[in-house]
Amino acid sequence: IFGHADVKRGVLLMLFGGLHKRTPEGISLRGDINVCIVGDPSCAKSQFLKYVVGFLPRAIYTSGKASSAAGLTASVAKDEDTGEFCIEAGALML
């Protein structure tokens, strides 16, 4: 994809992540960097993120067409080892 240097830089920084921090009050802050790409139609937004999902196992691609508010925050899944149901974090929580 030609151009879009700022979008490419943002996705690259997301892949590397940030530093975990601890505030003076003892609160732990995760160093994860999340990306929300917003723009006009036909600007290759989906192509950037689908490319990352192709080679990064922890990446989750979601779009407004195929997701609900409940599915973005949490979901119920069956544990493969125990067979019990558990709550897993959705795309927004990761």
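Everything that follows concerns the structure shown earlier in this document.
Below you will find a few notes about this structure. Residue indices follow the written sequence of each chain, beginning from 1 at its first position. At least 70 in pLDDT is required for a residue's local features to be given in this predicted model, at least 80 for side-chain atom pairs to be given and counted, and no such filter applies to totals for whole chains, interfaces and linings, which use all residues. No hydrogens and no water enter the side-chain calculation; it runs on all heavy atoms of the structure.

**A word on the overall build of the protein chain**
Rule in force here: Strands here mean DSSP runs of E at least two residues long; helices mean DSSP runs of H or I at least four residues long; both are numbered from the N terminus. Between buried and exposed lies partly exposed: a residue is buried under 20% and exposed over 50% of the maximum accessible area for its type, with that area taken using a 1.4 Å probe on protein chains only. Any pair of residues with heavy atoms lying within 4.5 Å of one another is described as a contacting pair. Accessible areas in this description were obtained via Shrake-Rupley with a 1.4 Å probe; residue shielding takes into account the shown protein chains only.
Across its full length, the protein chain holds three helices and four strands. Secondary structure elements of the protein chain occur, N-terminal to C-terminal, as α-β-β-α-α-β-β. For the protein chain, with 94 residues in total, the buried portion stands at 9%. In the protein chain, the share of contacts with a sequence separation of at least 24, taken over all contacts with a separation of at least 6, comes to 28%. Summed over its atoms, the accessible surface of the protein chain is roughly 7,800 Å², and 59% of this surface lies on carbon and sulfur atoms.

**Let's talk about the packing of aromatic side chains**
We apply this condition: Any pair of Phe, Tyr and Trp rings, taking the six-membered ring for Trp, is counted once the centres come within 6.5 Å. Such a pair is stacked with planes under 30 degrees apart, edge-to-face with planes over 60 apart, and tilted for the rest.
For the coordinates displayed, the defined rule picks out one aromatic pair. An angle of 65° between the planes, with centres 5.4 Å apart, marks the rings of Y51 and F55 as edge-to-face. In this pair, Y51 and F55 both sit in helix α2 (residues 45–55), four residues apart, roughly one turn of the helix. Note on Y51: relative accessible area 61%, which makes it exposed.

**Let's talk about the packing of helix α1 (residues 5–16) against α2**
Counted only if it meets this: The convention used is that axes are lines fitted to C-alpha atoms, helices contributing only their stretch in contact, and that angles between N-to-C directions extend from 0 to 180 degrees. Throughout, the term roughly parallel applies to angles under 35 degrees, roughly antiparallel to angles over 145, roughly perpendicular to angles from 65 to 115, and oblique to all others. The handedness criterion is simple: a crossing whose near helix is rotated anticlockwise from the far helix by less than a right angle is left-handed, and one whose near helix is rotated clockwise is right-handed. Residue classes follow a fixed rule: Ala, Val, Leu, Ile, Met, Phe, Trp, Tyr, Cys and Pro count as nonpolar, while Asp, Glu, Lys and Arg count as charged, and any other residue, Gly among them, counts as polar.
Where α1 contacts α2, the axes come no closer than 11 Å and their chain directions differ by 25°. Classified by the angle between their axes, α1 and α2 sit roughly parallel to one another. α2 is crossed by α1, and the crossing has right-handed handedness. On α2, the residues that touch V7, K8, V11, M14 and L15 of α1 are F48, V52 and F55. Split into classes, the residues belonging to the contact of α1 with α2 amount to seven nonpolar, no polar and one charged.

**Examining α1**
Operational definition: The span expected for a helix works out to 1.5 Å for each residue beyond the first.
With twelve residues, α1 extends 17 Å between its outermost C-alpha atoms, agreeing within 8% with the 16 Å of an ideal straight helix rising 1.5 Å per residue. Positive backbone phi, at 80°, marks G17, one or two positions downstream of α1.

**A word on a nonpolar patch on the surface**
Basically, it comes down to this: A patch consists of residues exposed above 30% relative accessible area that lack any salt bridge, with like charges linked at up to 9 Å and nonpolar side chains (Val, Leu, Ile, Met, Phe, Trp, Tyr) linked at up to 5 Å. For salt bridges, the criterion is a side-chain nitrogen of Lys or Arg within 4 Å of an Asp or Glu carboxyl oxygen.
Judged by side-chain polarity, L12, L15, F16, Y51 and F55 come together as a nonpolar surface patch covering roughly 590 Å² of accessible area. Those elements giving two or more residues to the nonpolar patch turn out to be α1 and α2. Ranked by residue count, the leading element in the nonpolar patch is α1, at three residues.

**Quick notes on the environment of T82**
Put simply, the test is: Two N or O atoms count as a polar contact when they lie within 3.5 Å, although within protein this holds only if one can serve as hydrogen donor and the other as acceptor, and sequence-adjacent residues are included solely when both atoms are side-chain atoms.
Topologically, T82 is positioned in the loop between β3 (74–78) and β4 (85–89). On the basis of relative accessibility, which here comes to 53%, the residue T82 falls in the exposed class. Among the polar contacts listed, one links the side chain of T82 to the backbone nitrogen of E84, at a separation of 3.3 Å.

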